[in-house]
Amino acid sequence: MKLLRYRVDGEIRPGLLDNAGAVRDLSAHVPDFTGAQLGDETLSRLAALDPLQLPLAASAPELAPCVGQVGKLLCIGLNYTDHAEEMGMALPEHPILFLKATSSISGANDDVVLPRGSVATDWEVELGAVIGTKAKYVAEEEALNHVAGYCVVNDVSERDFQTKLAGQWTKGKSCDTFGPVGPWLVTRDEVEDPQKLWLTCDVNGTRRQTGSTSRMVFSVAQIISHLSQLMTLHPGDVIATGTPPGVGMGIKPEPVYLNPGDVMRLEIEGLGVQTQHVRADAQ
């Protein structure tokens, strides 16, 4: 299933994308898609529904983040061998973890807003894994059973904030709108192998990132197992698993960063497309 959340008159409703690409309303069957609705029992119940019997949503509804009330947005750095190479950094011995504030989360097609003082905002297409059942001290071979599904994440990053304001990367990762998630959550039964997915990111029509999850240093299962040894992963937590090469910071001879008016298009094989327009913060 492709599960989503969409906006109607200021309210968010749960929905499902049918095989024809139309959005079907699931409000009569589930109140929302938060951690409480992502367990296997609920997903099995929804999978038994006939999408054609569900009411149609309005044409081309505005998409909200595909998961609501996210408890943790956990991110893995330098997790592609070819991305580490372009950054001139050694491969990590253990997954590099940082957090994005959950207030950064936005819809897949919402504008990305450059904060005051931003001169180095960058793009990062990433595979997101959404936890469906509580995970604590999970073995690697069992880790993917705790995943509700997968989605596209744009780990938008202000590199000057990240590297020059001292402290952790979180400063450059957590600005408002810097965490587009969606367009939908693709349940794990539709993703045969999360290590065999292609990712791309175009900026203003120019292909900037192309990569495969097969080039991850640490697989999705390894990441989940590792994190679960350190903290409990709760339903609705989102893990952004790293980005392939082609980020603006790595462009030679000079980095290329986002400016107002730019357009990003991110896609992961089978998981959908995000499109974001970039604008300056008017406040």
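For the structure, see preceding data.
Residues numbered from 1 in each chain as written. Predicted model: local features only at pLDDT ≥ 70, side-chain atom pairs only at ≥ 80, totals over all residues. Heavy atoms only, no water.

Draft legend 1. Up close: the sheet that holds strand 16 (residues 206-212). Taking strand neighbours across the sheet as the criterion, the five strands line up as 8-19-18-15-16 in an open arrangement whose pairing is mixed. This sheet does not close on itself; its edge strands, each paired only once, are strand 8 (112-114) and strand 16. Averaged over all pairs of adjacent strands, the angle between their axes in this sheet comes to 20 degrees, without regard to strand direction. Of the strand pairs in this sheet, strand 8 and strand 19 (residues 272-280) are connected by three bridges, and their pairing is parallel. Bridged to Val 113 within strand 19 is Arg 279. (Pairing = 2+ DSSP bridges. Helix = DSSP H or I, 4+ residues; strand = E, 2+ residues; numbered from the N terminus. Axes fitted to C-alpha atoms, helices over the stretch in contact; angles between N-to-C directions.)

Draft legend 2. Structural view of the environment of Val 152. By secondary structure assignment, the location of Val 152 is in strand 11 (residues 147-154). Each C-alpha atom of the pair Val 152 and Leu 266 lies 7.8 Å from the other, and the pair is 114 residues apart in sequence. Excluding its chain neighbours within four sequence positions, the residues that come into contact with Val 152 are Val 125, Glu 126, Pro 180, Val 181, Gly 182, Leu 266, Ile 268, Leu 271, Gly 272 and Gln 274. (Contact = heavy atoms within 4.5 Å.)

Draft legend 3. Spatial organisation of the state of the cysteines. Tallied over the entire structure, the rule returns zero disulfides. Unpaired in terms of disulfides, Cys 66 finds its nearest cysteine sulfur in Cys 151, a separation of 4.2 Å. On the accessibility criterion, Cys 66 (0% relative accessible area) is buried. (Disulfide = S-S within 2.5 Å. Buried < 20%, exposed > 50% of the residue type's maximum accessible area, 1.4 Å probe, protein only.)

Draft legend 4. Structural detail: helix 5 (residues 220-230). For helix 5, every residue scored as buried is listed here: Val 220, Ala 221, Ile 223, Ile 224, Ser 225, Leu 227 and Ser 228. Next to the buried residues of helix 5 lie strand 5 (73-77), strand 6 (96-100), strand 10 (125-131), strand 11 and strand 17 (238-240).

Draft legend 5. Expanded view of the environment of Lys 171. Tracing the backbone through its elements, the reader meets Lys 171 in helix 4 (residues 170-173). A residue is classified by how much of its surface remains accessible, and Lys 171, at 44% relative accessible area, is partly exposed. C-alpha separation for the pair Lys 171 and Ala 101, spaced 70 residues apart in sequence, amounts to 9.2 Å. With sequence-adjacent residues up to four places away left out, Lys 171 is seen in contact with Phe 161, Leu 165 and Ala 166. At 2.7 Å, the side chain of Lys 171 forms a polar contact with the backbone oxygen of Leu 165. (Polar contact = N/O pair within 3.5 Å; in protein donor to acceptor, adjacent residues only side chain to side chain.)

Draft legend 6. Main features of the nonpolar core. Counting 49 residues, the largest nonpolar core has Ile 239 and Leu 271 as its most contacted members. Of all the secondary structure elements, the ones that give two or more residues to this core are strand 1 (2-8), strand 5, strand 8, strand 10, strand 11, strand 15 (198-203), helix 5 and strand 18 (263-268). For this core, the element with the most residues is helix 5, which contributes five residues. Discounting chain neighbours no more than four positions away, the residues touching Ile 239 are Leu 74, Ile 76, Leu 127, Gly 128, Ala 129, Ile 131, Ile 223, Ile 224, Leu 227 and Leu 233. Among the nonpolar cores identified, the runner-up in size contains 25 residues, and Phe 33, Leu 43, Phe 98 and Cys 151 belong to it. (Core = buried A, V, L, I, M, F, W, Y, C linked by side-chain atoms within 4.5 Å.)

Draft legend 7. Structural view of the pairing of strand 2 (residues 11-17). Pairing of strand 1 with strand 2 involves six bridges; the strand directions are antiparallel. Along strand 2, the bridge assignment pairs Arg 5 with Pro 14. Counted along the chain from strand 1 to the antiparallel partner strand 2, the turn is two residues long, and its residue Asp 9 has a positive phi close to 50 degrees. Note that strand 2 and strand 3 (residues 23-25) share three bridges and pair antiparallel. Bridged to Leu 17 within strand 3 is Val 23. Where strand 2 folds back onto strand 3 in an antiparallel hairpin, the turn is made up of five residues, including Gly 21, whose phi is positive at roughly 85 degrees.

Draft legend 8. Layout of the side chain of Thr 121. Along the chain, Thr 121 turns up in strand 9 (residues 121-122). One polar contact links Thr 121 to Ser 118, side chain to side chain, over a distance of 2.6 Å. Not counting chain neighbours up to four residues away, the residues in contact with Thr 121 comprise Leu 114, Val 156, Ser 157, Glu 158, Phe 178, Tyr 257 and Leu 258.

Draft legend 9. View of helix 1 (residues 40-47). Taken as a whole, helix 1 has its buried residues at Thr 42, Leu 43 and Leu 46. Summarising the axial view, the buried residues of helix 1 lie within an arc of 95 degrees, below the 170-degree limit, and thus occupy one face. Across from the buried face of helix 1, at angles greater than 90 degrees, the exposed residues are Glu 41 and Ala 47. Summarising the contacts, the buried residues of helix 1 are in contact with strand 1, strand 11 and strand 14 (185-187). (Arc of directions from axis to C-beta.)

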